[in-house]
Amino acid sequence: MRSLTLGTSVSVSPTSSLKSSLSPLSIKQPPPFFPPPPPRVSHDSALSKLGACRATQFIDLFPTVSPEIVVREARLEDCWEVAETHCSSFFPEYSFPLDFVLRVDRLVAMLSGFSIPPGCRRTCLVAVIGGSVDDMFLVGSEDFKVGGFDGRFSLSKGYVTGILTVDTVADFLPRKGPLRQRRTGIAYISNVAVRERFRRKGIAKRLIAKAEAQARSWGCRAVALHCDLNNPGATKLYKDQGFKCIKVPEGANWPRPQTAPDMKFNFMMKLLNNPTTA
Ligand SMILES: CC(=O)SCCNC(=O)CCNC(=O)[C@H](O)C(C)(C)COP(=O)(O)OP(=O)(O)OC[C@H]1O[C@@H](n2cnc3c(N)ncnc32)[C@H](O)[C@@H]1OP(=O)(O)O
């Protein structure tokens, strides 16, 4: 396996780690007029407890509903929990009210700022617990999409434990030819996050597997991503799933997620077997 050397190591906060992975979804920095956040109350853990409690109550109420984790396309009803999972994973240091502002900002970005260039695809995947395994209670039209979200909603909503975005927008791949056309055939994974109390249960692995299946169904031959050089857990996760570090040539005009200037990334890729034509 080739390794990537993009520069010297730097220490990076979870905040910068977040911004690295968030291609088209811009999370704004907290407005400057806010006072510094108060000491952190264990908000994520509080949210997680609440979530787990809700999931358990749901399963008690609807015993036929599977307690298993199901990975599926995110639907409109998942929006808030997607924002919550994202913010609690990437901005764990924020407490109320900043964490709430971040979630609202994320929600608005997801629903309104999710423009996709013509011909490109984007899907937000969620891992949910306590939902219906088969989508028998879906309401709405299959063709209705809001950004990367399925516009339908379900009466047997589960609790979101993990998220991932996969697209073919190719914003982080070099353009090709004199007309600088977007690359095709390579899907890009971003926003991978699992709520703290659900980690190390194989949820990210399942989200990645589903993203690969989605990419294949779009006719892609490879998947790519950027991973913070100082995120060894995520790097191991991707390497274990067959991603290779790609050495970016010195001085190459290779787009990268907009983050702090000193942020360093591994650009990682995986070839997909048996691509189908879209
Ligand atoms: C492209 C991007 O989006 S990069 C951004 C990645 N996201 C983040 O850093 C947000 C904060 N972190 C998280 O949300 C989670 O820790 C994730 C997404 C990195 C991992 O999610 P999880 O569901 O815990 O991963 P999962 O259980 O599938 O782990 C699979 C394997 O990856 C490796 N792995 C995952 N997390 C870690 C870790 N913290 N330390 C070491 N190895 C790890 C292990 O080999 C693990 O297998 P094992 O548990 O049998 O040892």
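Just above, that's the structure.
Given the structure is predicted, the values throughout are model-derived calculations rather than measurements.

Asker: Is there a simple way to explain the pattern of salt bridges in this structure?
Answerer: Two side chains with opposite charge may pair up if their charged atoms get near one another. With the rule as written, the count across this model stands at 8 salt bridges. Put simply, Arg-75 and Glu-77 hold a salt bridge, and the shortest N to O gap is 3.2 Å. Neither Arg-75 nor Glu-77 differs from the other in exposure class; each is buried. We note a salt bridge from Arg-182 to Asp-171, for which the minimum N-O separation is 3.1 Å. Of this pair, Arg-182 sits in the loop between strand E7 (159-167) and strand E8 (186-194) while Asp-171 is found in the loop between E7 and E8, placing the two residues 11 residues apart along the sequence. Each of the salt bridges in this network shares a partner with another, and the network as a whole consists of Arg-72, Arg-75, Glu-77 and Asp-78.

Asker: What am I meant to see in helix H5 (residues 203-217) here?
Answerer: Note that an α-helix has 3.6 residues per turn; residues three or four places apart therefore point the same way. Between its first and last C-alpha, H5 extends 21 Å over 15 residues, near the 21 Å set by a 1.5 Å rise per residue. Within H5 the residues assigned to the buried category are Ile-203, Ala-204, Leu-207, Ile-208, Ala-211, Glu-212, Gln-214 and Ala-215. Downstream of H5 by a residue or two, Gly-219 has a phi angle that is positive, lying close to 85°.

Asker: I keep staring at unusual backbone geometry and nothing clicks. Help me out?
Answerer: Note: most peptide bonds trans; most residues except glycine with negative phi. That bond from Phe-96 to Pro-97 is cis: its omega, 10°, falls within 30 degrees of zero. Along the chain, the position of Pro-97 falls in the loop between helix H3 (79-90) and helix H4 (98-112). Within the chain, Ala-170 stands out as a residue other than glycine whose phi angle is a positive 60°. Looking at the secondary structure, you find Ala-170 in the loop between E7 and E8.

Asker: Even after reading the chapter, I still don't get the pairing of strand E11 (residues 265-271), so can you show me in this structure?
Answerer: Within E11, 6 of the 7 residues are buried, leaving the element largely enclosed by the surrounding structure. Both strand E9 (residues 222-228) and E11 contribute to a ladder of 7 bridges, which runs antiparallel. Opposite Asp-228, over in E11, you have Phe-265 as the bridge partner. Looking at chain direction, strand E10 (residues 244-246) and E11 are connected through 3 bridges and run antiparallel. Across the sheet, Cys-245 pairs through a bridge with Met-268, a residue of E11.

Asker: Just checking my understanding: could you explain the environment of Glu-212 for this structure?
Answerer: With respect to the helices and strands, Glu-212 occurs in helix H5. The sequence separation of Glu-212 and Ala-187 amounts to 25 residues, and the corresponding C-alpha distance is 8.4 Å. Setting aside chain neighbours within four positions, we find Glu-212 in contact with Val-223, Gln-241, Phe-243, Lys-270 and Leu-272.

Asker: What should I look at first to understand the side chain of His-226 in this one?
Answerer: Within the element layout of this structure, His-226 appears in strand E9. Given the relative accessible area of 8%, His-226 is considered buried. Within the structure, the side chain of His-226 is placed 2.8 Å from the side chain of Tyr-188, a separation counted as a polar contact. When neighbours within four sequence positions are excluded, His-226 is seen to be in contact with Phe-172, Tyr-188, Trp-254, Pro-255, Arg-256, Pro-257, Phe-265, Asn-266 and Phe-267.

Conventions adopted
Residues numbered from 1 in each chain as written. Predicted model: local features only at pLDDT ≥ 70, side-chain atom pairs only at ≥ 80, totals over all residues. Heavy atoms only, no water. Salt bridge = Lys/Arg side-chain N within 4 Å of Asp/Glu carboxyl O. Buried < 20%, exposed > 50% of the residue type's maximum accessible area, 1.4 Å probe, protein only. Helix = DSSP H or I, 4+ residues; strand = E, 2+ residues; numbered from the N terminus. Expected span 1.5 Å × (residues − 1). Pairing = 2+ DSSP bridges. Contact = heavy atoms within 4.5 Å. Polar contact = N/O pair within 3.5 Å; in protein donor to acceptor, adjacent residues only side chain to side chain.

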